[in-house]
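One-letter residues, chain by chain:
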Amino acid sequence: MTVIRYFLPLVVFLALLAWGAASLLRPATYGIEPALYAGQEHAAPALSVTGQARRPNIVVILADDLGYGDVGAYGGAVIATPHMDRLAAEGLRFTSAYASAPVCSPSRAGLLTGRYPLRSGIVQAMQAAGDSLTRRLSVEFAMAMSNLGSIDMRGGHNMVKGLPLDEVTVAELLRAAGYRTAAFGKWHLGDFTEWEQYHPYRHGFDHFVGFNMSNDDWPVAFYEGENKVIDDIGLDQARYTARFTLEAVRFIEESEGAPFFVYLSHKDPHQPFYPSERFAGTSAGGPYGDAVSEFDWSVGEVRAALERLGIAGNTLVLVTSDNGPWYEGSSGGLRGRKGQSYEGGFRVPLLAWWPGTVTGGRSDGTPVMNIDFLPTFAALAGVGLPADRAYDGRSLVPLLTGAEHALRERPLYFFHDYDVEGVRVGDWKYLAANSHYVWPNPLDKQDSLAGRLVSARDYSPPGSDESIPTLGTWPLLYNLERDPLEAYSVADRFPGERERLAALLAAFKSDIHADPRQIGPGGPILGRQ
């Protein structure tokens, strides 16, 4: 009996160890193969222009890791944000706006392409090509541990090294309509210090001043156009928010009546926090708050330039963030943070300012996402969307102008690496599976060794076929109108809604995993406008 008592646990332990070792080498890509992304360096399709549109100037000001609750207009009370608050008072404040991913690189891919980031093969933050051996090994170790469920980055690696050339960006669409296009600040969609095909110039931008990577993905190179001015900015970062702002203002001033598109993608308030001397120590929100204050100043400088030049009435300005807050910052009480499928990871501030077109002081709770930017801008510029690919975004023009629309009930999907964890339709949000991020097993999603071991705690009473979960349960269903903090799952109370959203999610997940790119002649156009 003693032998059996110790032998059986030993056998189980060794089996689990072998299973774990195999898992280390098997990233969770949910059946998606890298070969699906091969041959993506061919040219983008020809674009058609109707010439019937108004062609307003367009400015997108993107924060990095700005929380939903960091802005005064969204209830923030710690950090002063007078310039964003003014835009909200004079424009439109979206209260259910989402990034297309809860981390930076994929979110930016979604914003620029109008497609869910998985279609581009980008699911995680991209690493610098010249990263140190120690940092590269730490990433590989994190990926291995993720496959065991010890770190919540299942799948981890991207399928591509940068934004594929056959993806059509906002800049390419607008340039076809005669726009001057410029990107300032953080790129983070392929390290063009090593692979020049990922430079913004290869993706529709006429002008660029900025970084190849995020401000903590060293070496961080500073570029003017295609000229590398500094190999690695290191910690000398205080000057760049003002520099990018002044470059954007100069570009606007030099447009001389031609329509323009400005993508002002700031480093703030992503850590490490290095605001300029003017803003350092000025905020009650510490160094993070100082960085938010300088970002807010930048918003004010752009608005002031548009007014000074007399072109504010013909310019749409959107201010938003690439995802929720990371280690610091406020989610506004929303559950979760950067990297998570809860609201705090995906929901972001989104302000629209367009004097004379967007009625001032409005709030809109329609669920929208940054994948909606491209079809919105295409509609305003009179550019037809390419017919060879799926588009997931929808035009927000009806929301901007106060017209009737049917956007409220369209599904929006929430991705975690290669998995599609949830969907929102109207007031309802459904999460099929995720990690609960609570004691004692924060990473309890059951697609990993750790998650499956956690589920072994379920209790089956003797003589009963029923299994009782002793920790977290799935799926989760929230009514965000009544419960915006995702505190109370009502999956058992509303079986009709649960099953409706489960069916939607299952169908979409099956479709995008079978053909994530949905691009090429004769390809399916599931989300086309």
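Residues numbered from 1 in each chain as written. Predicted model: local features only at pLDDT ≥ 70, side-chain atom pairs only at ≥ 80, totals over all residues. Heavy atoms only, no water.

## Looking at the overall build of the chain
- Scanning the chain for helices and strands turns up 12 helices and 16 strands.
- A compact globule built from 529 residues would reach a C-alpha radius of gyration of about 24 Å, and the chain, at 23 Å, matches this within 12%.
- Its C-alpha atoms put the chain at 90 × 55 × 50 Å along the principal axes.
- Counting contacts in the chain only where the partners sit at least 6 residues apart, residues at least 24 apart contribute 73% of the total.
- Total accessible area on the chain is roughly 20,700 Å²; 56% of this is exposed by carbon and sulfur atoms. (Helix = DSSP H or I, 4+ residues; strand = E, 2+ residues; numbered from the N terminus. Rg over C-alpha atoms; globule rule 2.2 N^0.38 Å. Contact = heavy atoms within 4.5 Å. Areas by Shrake-Rupley, 256 points an atom, 1.4 Å probe, with all protein chains shown as cover.)

## Topic: the nonpolar core
- Counting residues in each nonpolar core, the largest one holds 85 residues, and the members touching the most others are F94, F261, Y263 and F377.
- Counting residues per element, this core draws most heavily on helix 9 (residues 373-381), at 6 residues.
- The contacts of Y263, once residues within four sequence positions are left out, are V60, L62, R108, L111, L112, A182, A183, F184 and F205. (Core = buried A, V, L, I, M, F, W, Y, C linked by side-chain atoms within 4.5 Å. Buried < 20%, exposed > 50% of the residue type's maximum accessible area, 1.4 Å probe, protein only.)

## Section: the side chain of S96
- Mapped onto the secondary structure, S96 falls in the loop between strand 2 (92-94) and strand 3 (97-98).
- S96 gets classed as buried once you look at its relative accessible area, which sits at 6%.
- One polar contact links the side chain of S96 to the main-chain carbonyl oxygen of G365, over a distance of 3.3 Å.
- Polar side-chain contacts of S96 include one of 3.4 Å to the side chain of R424.
- The residues contacting S96, other than those within four sequence positions of it, are R347, D364, G365, T366, P367, V368 and R424. (Polar contact = N/O pair within 3.5 Å; in protein donor to acceptor, adjacent residues only side chain to side chain.)

## Topic: the packing of helix 2 (residues 82-90) against helix 7 (residues 286-308)
- With their axes 7 Å apart at the nearest point, helix 2 and helix 7 run at an angle of 55° to one another. Accordingly, the angle class assigned to the pair helix 2 and helix 7 is oblique. Residues P82, H83, M84, R86 and L87 of helix 2 touch helix 7, and the partners they reach there are F295, D296, W297, V299, G300, R303 and E307.
- A per-class count over the contact of helix 2 with helix 7 returns 6 nonpolar, 2 polar and 4 charged. (Axes fitted to C-alpha atoms, helices over the stretch in contact; angles between N-to-C directions. Parallel < 35°, antiparallel > 145°, perpendicular 65-115°, else oblique. Nonpolar A, V, L, I, M, F, W, Y, C, P; charged D, E, K, R; others polar.)

## Regarding the packing of aromatic side chains
- On inspection of all chains with the given rule, the structure shows 27 aromatic pairs.
- Each residue in the set W187, F205, F261, Y263, F373 and F377 is aromatic and connected to the rest through ring pairs, giving one cluster.
- Geometry around F251 places R180 over its ring, the cationic atom sitting 4.0 Å from the centre. (Phe/Tyr/Trp six-rings, centres within 6.5 Å; stacked < 30°, edge-to-face > 60°. Lys NZ or Arg CZ within 6 Å of the ring centre and 35° of its normal.)

## Considering the sheet that holds strand 5 (residues 207-211)
- Spatially, 10 strands are ordered 7-6-5-4-8-1-9-10-2-11 in an open sheet, and the strand pairing comes out mixed. For this open sheet the edge positions go to strand 7 (227-230) and strand 11 (362-364), each flanked by a neighbour on one side alone. If you compare each strand with its neighbour and ignore which way they point, the axes differ by 15° on average.
- Here 3 bridges tie strand 5 to strand 6 (residues 222-224), and the two strands are oriented antiparallel to one another. Across the sheet, residue V209 finds its bridge partner in strand 6, namely E224. (Pairing = 2+ DSSP bridges.)

## Some details on the sheet that holds strand 15 (residues 428-431)
- Taken together, 4 strands build an open sheet; the order of strands is 13-14-15-16 and the sheet is antiparallel. Lying at the two open borders of the sheet, with one neighbouring strand each, are strand 13 (412-416) and strand 16 (476-479). Along the sheet, successive strands turn relative to each other by an average axial angle of 20°, direction set aside.
- Sheet topology places strand 14 (residues 419-425) next to strand 15; 4 bridges connect them, and they run antiparallel. Bridge pairing in strand 15 links R424 to K429.
- Contacting strand 13, strand 14, strand 15 and strand 16, helix 12 (residues 495-514) crosses the sheet at an angle of about 135° to strand 14.

## Some words on the pattern of salt bridges
- Scanning the entire structure with this criterion turns up 34 salt bridges.
- With its nearest N and O atoms 2.7 Å apart, the salt bridge here joins D131 to R135.
- Classification of D131 as buried rests on a relative accessible area of 4%.
- Residues E307 and R303 are paired through a salt bridge, measuring 2.5 Å at the closest nitrogen-oxygen approach. Of the two residues, E307 and R303 are both situated in helix 7; the distance of 4 residues between them amounts to about one turn of the helix.
- Here R303 falls in the buried class, since its relative accessible area comes to 9%.
- One continuous salt-bridge network, built from bridges that share partners, spans D419, E421, K445, D447 and K509. (Salt bridge = Lys/Arg side-chain N within 4 Å of Asp/Glu carboxyl O.)

## Thoughts on unusual backbone geometry
- Cis geometry marks the peptide bond from W218 to P219, where omega comes out at 5°.
- If you trace the backbone, P219 turns up in the loop between strand 5 and strand 6.
- Note the cis peptide between D268 and P269, where omega equals -5°.
- Take P269: it is sitting in the loop between strand 8 (260-265) and helix 7.

## As for the pairing of strand 7
- When strand 6 meets strand 7, the two strands line up antiparallel, connected through 3 bridges. Paired with F222 across the strands is I230, a residue of strand 7.
- Linking strand 6 to strand 7, which pair antiparallel, is a turn of 2 residues; within it G225 sits at a positive phi near 65°.

## Structural notes on the confidence of the model for the chain
- Per-residue confidence for the chain gives a mean pLDDT of 91; residues scoring 70 or more make up 92%.
- Ignoring residues within four places in sequence, the model shows residues 522-529, a span with pLDDT below 50, making 24 contacts including any to other chains. (pLDDT = per-residue confidence, 0-100.)

## Concerning helix 2
- For helix 2, the set of buried residues is M84, L87 and A88. Mapping the buried residues of helix 2 onto a view down its axis gives an arc of 100°, with all of them on the same face.
- Turning to helix 2, the residues buried within the fold contact strand 2, helix 7, strand 9 (315-321) and strand 10 (350-353). (Arc of directions from axis to C-beta.)

## Some points on helix 4 (residues 133-148)
- Its 16 residues place the ends of helix 4 23 Å apart at the C-alpha level, agreeing with the 22 Å of an ideal helix rising 1.5 Å per residue.
- G149 sits one or two positions beyond helix 4 and adopts a positive phi of about 95°. (Expected span 1.5 Å × (residues − 1).)

## Here's the deal with the packing of helix 6 (residues 240-253) against helix 7
- For the pair helix 6 and helix 7, interaxial distance at closest approach is 10 Å and the crossing angle is 15°. Taken together, the axes of helix 6 and helix 7 lie roughly parallel to each other. The two elements helix 6 and helix 7 cross, and the hand of that crossing is right-handed. Seen from helix 6, the contacting residues are T241, A242, T245, V249, I252 and E253; seen from helix 7, they are E294, W297, S298, E301, V302, A305, L306 and R308.
- Partitioning the contact of helix 6 with helix 7 into residue classes produces 7 nonpolar, 3 polar and 4 charged. (Left-handed = near helix turned anticlockwise from the far one by under 90°.)

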